[in-house]
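Reading the structure
Spelled out from the first residue to the last, the chains are:
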Amino acid sequence: MRAIEITRPGGPEVLEWREVPDPEVGRGDVLIDVTASALNRADVLQRGGHYDPPPGAPPYPGLEVSGVVAEVGADVEQFKPGDEVCALLGGGGYAERVAVPWQQVMPAPEGVPLKEAAGLPEVACTVWSNVFMLARLRRGETLLVHGGASGIGTFAVQLAKALGSHVVATVGSAEKAERVRRLGADEVVNYREEDFAERVEADVILDIMGAKYLAGNLKVLRTGGRLVIIALQGGSKAEINLGALMAKRASVHGTTLRARPVDEKGAIVRSVVENVWPLVTGGAVRPVVYAEVPMSDAAEAHRMLDSGEHVGKILLVR
């Protein structure tokens, strides 16, 4: 088969479409003929040599795919050849085929084109597991989403709004602000023009910035608030005022999804299928696709991602 290999740490130019060995299908695996994959910030970190795949995962980038089941392992009863599916991966999505533990595979939601379904697994599992399973966002509470125009952000805005929350998002331009409002955000803060910490209060915060936003995040948390940090684009080290945290009876969670054990990912996937897929099928939540790029031209797709101008997901299609 062919896959995108990272020839050396560096910029988009290090991504090359090459012949590679076919994946081996274990007893508990599902082999997927890939229709599409989608870009994530973790792919950029891996491209730069800063984020190795977890043990046992393919070396190629790509944390999610959609496609058709080609083969199943001897112990798999949940899927069969010909099923249209999407999957959460530890790596290997930028390829013609990928073998995935069956626990991380889910039926493609009805009503969504199969290639667009590639943009759902990572965002759906990330948002549902962190905002709802961990932080337990409740109807009527306020969610603050940093990076509201990103793949994660556009999904979080829609899902929280569909489940009855007040949603605030930060973005970096007026154009992105308008797009995010159309997705359902009640308030949008352009961080280039104003400080979110001066005008927002939140019960739950989904944060991608880390150290840079820590003080502001703690300031805007309400009593009993929950801050969930899922990325460190603004640095990894900062001082924390424990007194302020204790006074608000607030909590800070740092989480990742990629390195979790298969059983944990499987539990998240099952919960997503049960709780989120009906909203996707019903049209309340939809994948937001910025561009579709041929998989062989992954370098160009990464240039788009690096520019920061996109809203939603960039797909790699075959």
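Up top you'll find the structure we're talking about.
Quick summary incoming for the structure in this document. (Residues numbered from 1 in each chain as written. Predicted model: local features only at pLDDT ≥ 70, side-chain atom pairs only at ≥ 80, totals over all residues. Heavy atoms only, no water.)

Mapping Asn-40 onto the fold places it in the loop between strand E3 (29–38) and helix H1 (41–47). The class of Asn-40 is buried, set by a relative accessible area of 10%. In this structure the side chain of Asn-40 is engaged in a polar contact, spanning 3.0 Å, whose partner is the side chain of Lys-313. Leave out the neighbours within four places in its chain, and Asn-40 touches Leu-63, Glu-64, Glu-122, Leu-305 and Lys-313. (Helix = DSSP H or I, 4+ residues; strand = E, 2+ residues; numbered from the N terminus. Buried < 20%, exposed > 50% of the residue type's maximum accessible area, 1.4 Å probe, protein only. Polar contact = N/O pair within 3.5 Å; in protein donor to acceptor, adjacent residues only side chain to side chain. Contact = heavy atoms within 4.5 Å.)

The next thing to look at is the environment of Leu-206. As for its placement among the helices and strands, Leu-206 is situated in strand E11 (residues 202–207). Each C-alpha atom, one on Leu-206 and one on Arg-226, is 8.9 Å from the other, the two residues being 20 residues apart in sequence. Not counting residues within four places of it along the chain, the set of residues in contact with Leu-206 comprises Val-127, Asn-130, Val-131, Leu-143, Leu-144, Val-145, His-146, Ile-152, Ala-156, Val-228 and Ile-230.

Here Glu-122 is to be found in helix H2 (residues 121–134). A relative accessible area of 11% means that Glu-122 is categorised as buried. Considered as a pair, Glu-122 and Leu-257 are 135 residues apart in the sequence and their alpha carbons are 8.6 Å apart. Sequence-distant contacts of Glu-122, that is, excluding residues within four places in its chain, are made with Asn-40, Leu-63, Glu-64, Leu-88, Ile-152 and Leu-257.

Throughout the structure, instances matching the rule amount to two aromatic pairs. Geometrically, the ring pair formed by Trp-128 and Phe-132 is stacked, given 5.0 Å between the ring centres and 20° between the ring planes. Placement of the pair is Trp-128 and Phe-132 together in helix H2, with a separation of four residues, close to one helical turn. Take Trp-128: its relative accessible area is 10%, and that puts it in the buried class. A residue is classified by how much of its surface remains accessible, and Phe-132, at 11% relative accessible area, is buried. (Phe/Tyr/Trp six-rings, centres within 6.5 Å; stacked < 30°, edge-to-face > 60°.)

A few words now on the nonpolar core. Judged by nonpolar contacts, the single largest core of 66 residues is most densely connected at Val-127, Phe-155, Leu-159, Val-272 and Trp-277. Ignoring any residue separated from it by four or fewer positions in sequence, one finds Trp-277 in contact with Cys-86, Met-106, Pro-107, Ala-108, Pro-109, Leu-120, Ala-124 and Val-272. Val-14, Val-44, Val-76 and Val-100 belong to the second-largest nonpolar core, a separate cluster that totals 26 residues. (Core = buried A, V, L, I, M, F, W, Y, C linked by side-chain atoms within 4.5 Å.)

Our focus in this paragraph is the layout of surface pockets. Here the largest pocket defines a volume of roughly 1200 Å³. Forming the walls of the largest pocket are 48 residues, and the residues nearest its centre are Arg-41, Ile-152, Ile-208, Ala-231 and Gln-233. Looking at the lining of the largest pocket, the elements with two or more residues in it are H1, H2, helix H3 (151–162), strand E9 (166–171), helix H5 (211–220) and strand E15 (313–317). Here the lining of the largest pocket is built from residues that sort into 20 nonpolar, 20 polar and eight charged. (1 Å grid on protein atoms, 1.4 Å probe; cavity = no way out; pocket = protein on both sides within 12 Å on 5 of 7 lines; lining within 4 Å. Points joined across faces, edges and corners; volume = space filled by probe spheres on them. Nonpolar A, V, L, I, M, F, W, Y, C, P; charged D, E, K, R; others polar.)

Let's shift gears to H2. Along an α-helix, residues three or four positions apart point the same way, because every turn accommodates 3.6 residues. At Trp-128, H2 shows its maximal kink, close to 25°. Of all the positions in H2, only Pro-121, Glu-122, Val-123, Ala-124, Cys-125, Thr-126, Val-127, Trp-128, Ser-129, Asn-130, Val-131 and Phe-132 are classed as buried. Where H2 ends, the next residue or the one after it, Arg-136, has phi of about 55°, a positive value. (Bend = angle between axes of the 7 residues up to and from the residue.)

Our next topic: helix H9 (residues 298–307). Taken as a whole, H9 has its buried residues at Ala-298, Ala-299, Ala-301, His-302 and Leu-305. Projected onto a plane normal to the axis of H9, the buried residues spread over an arc of 155° and lie on a single side. Close packing links the buried residues of H9 with strand E1 (2–6), strand E2 (15–19), H1, strand E14 (289–294) and E15. Once H9 ends, the next one or two residues include Gly-308, with phi positive near 75°. (Arc of directions from axis to C-beta.)

Summed over all chains, the structure comprises one cavity of 30 Å³ or more. Roughly 40 Å³ of volume is contained in the largest cavity. Residue lining of the largest cavity: Gly-119, Val-123, Gly-151, Thr-154, Phe-155, Gln-158, Arg-286, Pro-287, Val-288 and Lys-313, and that is the complete set. Counting residues per element, the lining of the largest cavity draws most heavily on H3, at four residues.

Further remarks concern the side chain of Arg-226. Relative to the helices and strands, Arg-226 is located in strand E12 (residues 221–229). From its side chain, Arg-226 meets the backbone oxygen of Ala-135 in a polar contact 2.8 Å long. Within polar-contact distance, the side chain of Arg-226 engages the side chain of Glu-141 at 2.9 Å. With residues up to four places along the chain from it excluded, the contact list for Arg-226 reads Ala-135, Arg-136, Leu-137, Arg-138, Glu-141, Asp-203, Val-204, Ile-205, Leu-221 and Ser-251.

Next up on the list: the packing of H2 against H3. At a minimum axis separation of 9 Å, H2 and H3 run at an interaxial angle of 55°. The angle between H2 and H3 falls in the class oblique. Helix-helix and strand crossings are classified by hand; for H2 and H3 the assignment is right-handed. Two secondary-structure elements touch here, H2 through Glu-122, Val-123, Ala-124, Thr-126, Val-127, Trp-128 and Phe-132 and H3 through Gly-151, Ile-152, Phe-155, Ala-156, Leu-159 and Ala-160. Class assignment for the residues of the contact of H2 with H3 results in ten nonpolar, two polar and one charged. (Axes fitted to C-alpha atoms, helices over the stretch in contact; angles between N-to-C directions. Parallel < 35°, antiparallel > 145°, perpendicular 65-115°, else oblique. Left-handed = near helix turned anticlockwise from the far one by under 90°.)

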